[in-house]
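Structural characterization, general
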Amino acid sequence: EAVVETGISLSRRIPVRGDFSVQCAADWLQGDSFRLARPPSLDPNDPITLGGDDADGESRPAFAARLSGFGMLGEQSGIEFGVSALGGTNNVAAATRTRAWGADVKAKLWTSSAAYLVLQAEALFLDREAAGWDAASGYTKTEITPAGGYAFADYNWAKRYNFGASYEGFQRPTRAEEWEQSIGAFAGYSLLEETTTFRLDWRRILPDIGDDFDRFTLRVLYSMGPHQAHQF
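Keep in mind the model is a prediction, meaning the values are calculated, not measured. By convention here, each chain's residues receive numbers from 1 onward along its written sequence. Local features are withheld for residues below a pLDDT of 70 in this predicted model, meaning they are given only at 70 or higher, and side-chain atom pairs are given and counted only at 80 or more; totals for whole chains, interfaces and linings count all residues. To get the side-chain values, all heavy atoms of the structure are used, and hydrogens and water are removed first.

Each helix and strand in the protein was counted, giving zero helices and twelve strands. Each helix and strand of the protein, placed in order from N terminus to C terminus, yields the pattern β-β-β-β-β-β-β-β-β-β-β-β. Here the radius of gyration uses the C-alpha set of atoms, whereas the globule reference equals 2.2 Å times the residue count to the power 0.38. By the compact-globule yardstick of 17 Å for 232 residues, the protein is too spread out, its C-alpha radius of gyration being 22 Å. The C-alpha extent of the protein, read off along each of the three principal axes, is 70 × 45 × 30 Å. Total accessible area computed for the protein in this model is approximately 14500 Å², and 59% of it derives from carbon and sulfur atoms. Distance from the positive charge centre (22 side chains) to the negative charge centre (31 side chains) of the protein: 6 Å. Helix numbers and strand numbers start at the N terminus; a helix is a DSSP run of H or I with at least 4 residues, a strand a run of E with at least 2. For accessible areas, the Shrake-Rupley method is used with a probe of radius 1.4 Å. Any residue's cover is judged against the shown protein chains and nothing else. Think of it this way: Lys and Arg go in the positive column, Asp and Glu in the negative one, and His and the chain ends go nowhere. To locate a charge, take atom NZ for lysine, CZ for arginine, CG for aspartate or CD for glutamate.

Structure (C-alpha cells):
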C-alpha cells in the first residue's frame, strides 16, 4: 500500500466464518519506482563509461500482492494480520530484480467508550540483486538480503490525547548490512479529529557505525478532502 506507482489493482474481501473475513489484493504495476542507477566501474569498456545508461529510462512490469485476515475481539475491538509481497526489475540491462516480503499484525483494543490501545508490529525482508560490471564477464549480480521490523504501542486515553512507545531495527541495504536500531516515545493532541494532530516525538538512534544520538521532532499533521465515515 506504500508503493506510489501507475498500475491496476484488484481486491476482494471474502467472508469466512462469523465476523472473520479475508482480504485478497493483487496489483500489476508499471515498475518505474524500482529503477536503480548503477555506478560506473573502472573498466573502459563499461557501457556507462562508453556513454550508455543501462536503459535507465526503461522499466519492466512489477507486482504487489497482499493477503490479510480481520476479526473482532469482543464487541468493539478488532485484530488484523497479513502477509505482503512485492517485486520488480531495478536494472533493465543487467536484468536484476528487487523483491520484498512482509508480515504484520495490528490490534485495536478498546478499554472504554472513549479510550483504546493500538498495538502494531511488522517484519520486513528484502532480496535485492545489485547490478555491477566485470571486465571479463560483463554484467554481474550481487545479492543483498537485509531484514528489519518495527513495533509500537499507542494509547489514546481520551478522544484528543495519546501517548506511546516504539522500537525499530533495520539492516542497511549494503553488502555489510549494518544494523540501525532505535527506541522512542511520543505524545500527541488531536485538534479536529485525526485530520489535524500535533505530536512530539523522541527517538534514540543506535547505529552500528557511529555514536548513538537523540532526535526530537515536532510533527504537525494536517489533511483535508473527502473521506469515509469513521469513529473518532
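Following the structure, the description resumes.
Here the focus is the side chain of Glu178. On the secondary structure map, Glu178 appears in the loop between strand S9 (161-171) and strand S10 (179-192). In this structure Glu178 touches Phe170, Gln171, Arg172, Asp208 and Ile209, once residues within four positions along its chain are discounted. Note on definitions: a residue-residue contact is assigned when non-hydrogen atoms from the two residues lie within 4.5 Å.

We now examine the environment of Leu200. Examined against the element boundaries, Leu200 turns out to sit in strand S11 (residues 196-207). Leu200 sits 15 residues away from Ala185 along the chain, and the two C-alpha atoms are 8.6 Å apart. In contact with Leu200, not counting residues within four places along its chain, are Ala185, Phe186, Ala187 and Thr217.

A pair of Phe, Tyr and Trp rings is counted when the ring centres sit within 6.5 Å of each other, with Trp represented by its six-membered ring. The angle between the planes then sorts it: under 30 degrees is stacked, over 60 is edge-to-face, the rest tilted. Within this structure, the stated rule accounts for seven aromatic pairs. Taking the centre distance of 4.8 Å and the plane angle of 50° together, the rings of Trp110 and Tyr116 count as tilted. Ring geometry for Trp133 against Tyr139: centres 5.0 Å apart, planes inclined by 90°, an arrangement best described as edge-to-face. To sort residues, take the accessible area from a 1.4 Å probe on protein chains only and compare it with the maximum for the residue type: under 20% means buried, over 50% means exposed, and anything in between is partly exposed. For Tyr139, a relative accessible area of 30% translates into the label partly exposed. Taken together, the ring pairs in this structure connect Trp157, Tyr161 and Tyr189 into an aromatic cluster.

Along the chain, Thr96 falls in strand S5 (residues 96-110). One polar contact links Thr96 to Asn90, side chain to side chain, over a distance of 2.6 Å. Sequence-distant contacts of Thr96, defined by excluding residues within four places in its chain, comprise Gly88, Thr89, Asn90, Asn91, Glu129, Ala130, Ala131, Thr140 and Lys141. N or O atoms within 3.5 Å of each other form a polar contact, as long as, within protein, one can give a hydrogen and the other can take it, and as long as residues adjacent in sequence are counted only when both atoms are side-chain atoms.

Burial analysis of strand S1 (residues 7-17) places just zero of its eleven residues in the buried class, a small minority of the element. Bridging between S1 and strand S2 (residues 20-29) involves ten bridges; their strand directions are antiparallel. In the strand pairing of S2, Leu10 is matched with Ala26. Here, any two strands with at least 2 DSSP bridges between them count as paired.

With that settled, consider unusual backbone geometry. With a phi close to 60°, Asp54 is a non-glycine residue in the positive phi region. Position of Asp54 among the secondary structure elements: in the loop between S2 and strand S3 (62-73). The exposure class assigned to Asp54 is buried, which follows from its relative accessible area of 4%. Not every positive phi belongs to a glycine, and Glu177 is a case in point at roughly 50°. One can find Glu177 in the loop between S9 and S10. Overall, the relative accessible area of 18% leaves Glu177 in the buried class.

A grouping of Leu191, Leu192, Phe198, Leu200, Leu218 and Val220 is seen on the molecular surface, where their side chains present a nonpolar patch of about 580 Å² in accessible area. The residue Leu218 is located in strand S12 (residues 213-222) in this model. Nonpolar side chains (Val, Leu, Ile, Met, Phe, Trp, Tyr) within 5 Å and like charges within 9 Å form the patches, drawn only from residues with over 30% relative accessible area and no salt bridge. Any carboxyl oxygen of Asp or Glu within 4 Å of a side-chain nitrogen of Lys or Arg constitutes a salt bridge here.

All right, on to the pattern of salt bridges then. One pass over the full model with this rule turns up nine salt bridges. Among the salt bridges present, the one from Asp32 reaches Arg35, with a minimum N-O distance of 3.2 Å. Its relative accessible area of 30% is what places Asp32 among the partly exposed residues. With a shortest N-O distance of 2.6 Å, Arg38 and Asp54 are connected by a salt bridge. A residue pair is termed long-range when its members are at least 10 positions apart, and Arg38 in the loop between S2 and S3 and Asp54 in the loop between S2 and S3 qualify at 16 residues. Of the two residues, Arg38 and Asp54, neither departs from the other in class, the shared state being buried.

Note that all results are geometric; they support no functional claim without further evidence.
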